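Below, each chain spelled out in residue letters.
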Amino acid sequence: MLKINNLSKVFGQGSQNEKQVLKQINLTLAPGEFAAVIGGNGAGKSTLLNCIAGVHPSDSGSIMLGDYDITNWPEYRRSRLIGRVFQDPLMGTAYAMTIEENLAMALAKGKSRGLQPGISRSDRRNFRDRLAQLELGLENRMSDKVGLLSGGQRQALTLLMATIVRPSLLMLDEHTAALDPLTSRKVLQLTRDLVAAEHLTTLMVTHNMTDALAFGTRTLMMHEGSIILDLQGKERSGMTVETLIASFKKHSGEELVNDRLLLS
Amino acid sequence: MTLLALEGSIELGIIYAIMALGVFLSFRTLNMPDLTVDGSFTLGAACSAMLAVAGHPWLGLIAAMGAGFVAGNVTAWLHTKLKIQPLLAGILVMLALYSVNLRVMGGRANIPLINQTTIFSLLEGNDLAPLIIPVTILILIMVLLFLFLQTRFGLILRATGDNDQMVRAIGGNTDFTITIGLALSNALVALSGAIIAQYQSFTDISMGVGMVVIGLASVIIGEVIFGIRSLLRRLLAVVLGAMVYRLVIALAMEAGMPPTDMKLISAVVVAVALSMPVIRDYLLERKKRWVTRYGGEGGQADAKDK
């Protein structure tokens with residue numbers, strides 16, 4: 001489904017602060033594969049996602065998604081194939097617009113955005129059903145502005161918006177990191193259910209090593225712009241957080257010194 | 001205030017409300033204060049005056065909207081493609097329009113329309129013509145705008161000002177929404193200028209100066225007084241804000257304020273309105289301090305307020 005070839009990205013090219021954030025990344029995700037990406041700060045996890053999404057243009061390499069070569073597509077065009085949820089709960093929704101308006105915008109993904117009515121009656125029924133599945137009571141607050149929702153509710157809504165039109169690729173960039181532990185669990189649960197129900201190809205960045213092993217079908221570890229560890233199948237199911245840390249050391253030649261990664 | 005002055009300011013308020021709706025589009029839905037407005041208002045007036053002189057007053061309104069649409073496009077292009085800050089892009093186009101407007105006006109700084117056929121000639125002999133015609137146009141525009149802002153395109157246009165990142169993430173082209181938004185905004189502003197020109201039978205090269213501030217004042221006054229709960233209410237608030245602004249100005253003139261001071265008053269009104277959140281926080285803070293210092297009554301009053 002997703003095929004990345006020799007993707008590289010340099011920030012601040014030619015300046016003193018030049019930093020190669022992605023070094024010749026090669027990655028292939030099969031349809032329905034759910035990969036969790038972990039790594040320390042500055043490992044290039046978010047940059048990888050942003051390059052795939054088109055927020056940053058890549059310097060070299062190619063990105064194929066489904067049948068399309070999206071390497072040179074602008075961000076908005078790629079978004080027709082990609083659903084995204086961000087770390088910051090404020091980023092995924094329009095706060096001054098209502099829940100149903102937000103969902104309607106997401107539902108129009110890939111369709112022409114002309115002068116058709118923004119929300120039809122059947123859309124509303126559809127939204128009510130989908131919101132009810134979140135079990136957050138949002139189905140009764142459809143004309144409330146999103147600005148009134150809590151962080152967890154917004155992330156759940158963003159998740160729904162990202163998947164309401166089935167995306168070829170779902171990308172989650174530490175989408176539970178800004179939530180309290182209980183809410184974070186709920187949103188992760190919801191993620192798991194949605195991905196499973198729709199059999200979505202998913203790339204999830206997380207800083208939680210337990211989650212990286214527990215969720216999905218594959219674990220990728222990044223370090224200084226490269227994927228240094230790619231675990232799947234048996235090798236993965238045998239891993240614990242301890243053995244993961246040990247193999248990080250083996251592959252990177254460094255201690256894993258990142259409190260955030262270890263403590264979480 | 002005399003009845004005549006009241007009637008005059010209501011008529012003006014209605015025509016300026018069209019301009020304020022344009023400013024609302026850029027300032028509130030796109031979250032971009034667009035200074036092109038000062039230029040496109042005069043641009044509309046110039047087109048309207050020239051075509052009225054040539055005997056086509058209604059065509060003048062349409063041409064004005066077209067010209068405003070193009071002006072907004074240029075500002076949007078400078079901002080989205082050449083990455084010039086919105087404020088600066090607006091200032092550049094406003095400046096350029098000064099020369100363009102003089103060209104449209106055939107090199108003259110003003111064009112009188114006395115004894116010309118205007119859109120108001122349609123209801124010849126009806127004393128209420130200066131009220132009926134602008135009101136009809138305003139209602140038409142409000143209905144169209146209200147419907148437009150709820151279409152699929154209207155939704156992402158509104159979301160662009162809220163969170164442009166999110167719009168791109170759901171597949172919306174924000175460069176395009178900004179372009180159409182600014183173009184429509186300036187088309188409305190130019191239409192307002194076009195009607196004003198025929199209403200006052202006069203077009204002057206400097207009639208657009210400070211127009212953006214008047215637009216902002218109308219939008220903000222409307223929000224403060226009438227609220228922002230729903231889309232319909234927001235649009236109505238803009239229109240009523242424009243009329244309240246006109247009444248305030250009329251009252252100030254009535255009180256003996258020289259007309260030359262009007263720009264100063266407009267600027268002060270907008271500055272105060274924009275700083276309302278800060279002023280409110282400051283007053284709340286002071287109240288809290290007063291309560292902690294003296295307790296008792298202040299606290300009870302506070303509780304009652306809630």
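Now for a look at the structure at hand. Being a predicted model, the structure only gives us computed values, none of them experimental.

1. Description of the environment of R166 of chain A
Residues and elements named next belong to chain A.
For step 1, the next point in the chain: Its place among the elements puts R166 in the loop between α5 (151-163) and β7 (169-173).
For step 2, the next point in the chain: With a relative accessible area of 45%, R166 lands in the partly exposed category.
For step 3, the next point in the chain: Taking the C-alpha atoms as reference points, R166 and K3, separated by 163 residues in sequence, lie 19 Å from one another.
For step 4, the next point in the chain: Not counting residues up to four positions away in its chain, the partners in contact with R166 are E198, H199 and L200.
For step 5, the next point in the chain: A distance of 2.8 Å separates a polar atom in the side chain of R166 from the backbone oxygen of H199.

2. Things to note about the sheet that holds strand β3 (residues 34-39) of chain A
All names here are of chain A.
For step 1, the next point in the chain: If you trace the six strands from one edge of the open sheet to the other, you get β6-β7-β8-β3-β9-β10, paired in mixed fashion. On the outer flanks of this sheet lie β6 (82-85) and β10 (226-232), each paired with one strand and no other. Strand after strand, the sheet turns through a mean of 20° between neighbouring axes, direction not considered.
For step 2, the next point in the chain: Pairing analysis gives six bridges linking strand β9 (residues 218-223) to β10, with the strands arranged antiparallel. In the sheet register, L220 faces β10, and the bridge partner there is D230.
For step 3, the next point in the chain: Strands in contact with helix α9 (residues 241-252) are β3, β9 and β10; relative to β10, the strand with the most contacts, it is inclined by about 140°.

3. Regarding the interface of chain A and chain B
For step 1, the next point in the chain: Each side of the interface is counted separately: chain A has 32 residues, and chain B has 21 residues.
For step 2, the next point in the chain: When chain A packs against chain B, close to 2300 Å² is buried across both sides, 58% of that on carbon and sulfur atoms.
For step 3, the next point in the chain: Of all residues in chain A, the largest losses of buried area upon contact with chain B belong to Y76, M105 and R113 of chain A, amounting jointly to 26% of the total for that side.
For step 4, the next point in the chain: The interface formed by chain A and chain B holds two salt bridges in total.
For step 5, the next point in the chain: The interface formed by chain A and chain B contains 17 residue pairs in polar contact (both at pLDDT 80 or more).
For step 6, the next point in the chain: When contributions to the side of chain A that touches chain B are tallied by element, the ones reaching two or more residues are α2 (75-78), β6 and α3 (99-107) of chain A.
For step 7, the next point in the chain: Per-element tally for the side of chain A that touches chain B: the top contributor is α3 of chain A, with five residues.
For step 8, the next point in the chain: Taken together, the residues of the side of chain A that touches chain B sort by class into 16 nonpolar, eight polar and eight charged.

4. Re the environment of Q13 of chain A
All names here are of chain A.
For step 1, the next point in the chain: Relative to the elements of secondary structure, Q13 occurs in the loop between β1 (2-11) and β2 (19-29).
For step 2, the next point in the chain: Q13 gets classed as exposed once you look at its relative accessible area, which sits at 59%.
For step 3, the next point in the chain: As a C-alpha pair, Q13 and T47 span 34 residues in sequence and 15 Å in three-dimensional space.
For step 4, the next point in the chain: Among residues more than four places away in sequence, those in contact with Q13 are E18 and D59.

5. Quick word on the pattern of salt bridges
For step 1, the next point in the chain: All told, the structure shown has 14 salt bridges over all chains when counted by the stated rule.
For step 2, the next point in the chain: For R84 of chain A, the salt bridge is made with E75 of chain A, and the minimal N-O distance between the two is 2.9 Å. E75 of chain A shares its class with R84 of chain A; the two are buried.
For step 3, the next point in the chain: The salt bridge involving R185 of chain A is made with D211 of chain A; its shortest N-O contact spans 3.1 Å. Here the residue R185 of chain A occupies a position in helix α6 (residues 181-198), and D211 of chain A occupies one in helix α7 (residues 209-214), the gap between them amounting to 26 residues.
For step 4, the next point in the chain: What makes R185 of chain A partly exposed here is its relative accessible area of 42%.
For step 5, the next point in the chain: Given a relative accessible area of 7%, D211 of chain A falls into the buried group.
For step 6, the next point in the chain: One salt-bridge network, held together by shared partners, links E75 and R84 of chain A together with D164 and R168 of chain B.

6. Quick look at the packing of helix α3 (residues 57-80) of chain B against helix α4 (residues 86-104) of chain B
All names here are of chain B.
For step 1, the next point in the chain: Packing of α3 against α4 leaves a shortest axis separation of 9 Å and a crossing angle of 140°. Taken as axis vectors, α3 and α4 run oblique relative to one another. Of the two possible hands of crossing, α3 and α4 adopt the one that is right-handed. Counting all contacts with α3, which are made through A71, V74, T75, L78 and H79, the residues of α4 involved are P86, A89, G90, L92, V93 and L97.
For step 2, the next point in the chain: Of the residues belonging to the contact of α3 with α4, the class tally is eight nonpolar, three polar and no charged.

7. Side note on the nonpolar core
For step 1, the next point in the chain: Ranked by size, the top nonpolar core spans 125 residues in total, and within it L103, M105, L131 and L244 of chain A together with M19, L21 and I195 of chain B carry the most contacts.
For step 2, the next point in the chain: With twelve residues, the single largest contributor to this core is helix α1 (residues 3-29) of chain B.
For step 3, the next point in the chain: With residues up to four places along the chain from it excluded, the contact list for L21 of chain B reads L138, I141, M142, L145, L188, L235, V238 and V239 of chain B.

8. Here's the deal with the packing of aromatic side chains
For step 1, the next point in the chain: According to the stated counting rule, one finds six aromatic pairs over all chains in the structure shown.
For step 2, the next point in the chain: When the ring of Y68 of chain A is compared with that of W73 of chain A, the centres are 5.5 Å apart and the planes differ by 55°; the resulting orientation is tilted.
For step 3, the next point in the chain: When the ring of W290 of chain B is compared with that of Y294 of chain B, the centres are 5.1 Å apart and the planes differ by 50°; the resulting orientation is tilted. Here W290 of chain B pairs with Y294 of chain B, and both are found in helix α12 (residues 276-294), just four residues apart, close to one helical turn.
For step 4, the next point in the chain: By relative accessible area, W290 of chain B is classed as partly exposed at 44%.
For step 5, the next point in the chain: Given the relative accessible area of 52%, Y294 of chain B is considered exposed.
For step 6, the next point in the chain: In this structure an aromatic cluster arises from ring pairing among F148, F153 and F176 of chain B.
For step 7, the next point in the chain: Here R77 of chain A stacks its cationic end above the ring of W73 of chain A, 4.0 Å away from the centre of that ring.
For step 8, the next point in the chain: When the ring centre of F215 of chain A is taken as origin, the NZ or CZ atom of R192 of chain A, which lies over that ring, is 4.3 Å away.

Conventions and cut-offs
- Residues numbered from 1 in each chain as written.
- Chains lettered and ligands numbered in written order.
- Predicted model: local features only at pLDDT ≥ 70, side-chain atom pairs only at ≥ 80, totals over all residues.
- Heavy atoms only, no water.
- Helix = DSSP H or I, 4+ residues; strand = E, 2+ residues; numbered from the N terminus.
- Buried < 20%, exposed > 50% of the residue type's maximum accessible area, 1.4 Å probe, protein only.
- Contact = heavy atoms within 4.5 Å.
- Polar contact = N/O pair within 3.5 Å; in protein donor to acceptor, adjacent residues only side chain to side chain.
- Pairing = 2+ DSSP bridges.
- Axes fitted to C-alpha atoms, helices over the stretch in contact; angles between N-to-C directions.
- Buried area = accessible area lost by both parts, 1.4 Å probe.
- Salt bridge = Lys/Arg side-chain N within 4 Å of Asp/Glu carboxyl O.
- Nonpolar A, V, L, I, M, F, W, Y, C, P; charged D, E, K, R; others polar.
- Parallel < 35°, antiparallel > 145°, perpendicular 65-115°, else oblique.
- Left-handed = near helix turned anticlockwise from the far one by under 90°.
- Core = buried A, V, L, I, M, F, W, Y, C linked by side-chain atoms within 4.5 Å.
- Phe/Tyr/Trp six-rings, centres within 6.5 Å; stacked < 30°, edge-to-face > 60°.
- Lys NZ or Arg CZ within 6 Å of the ring centre and 35° of its normal.

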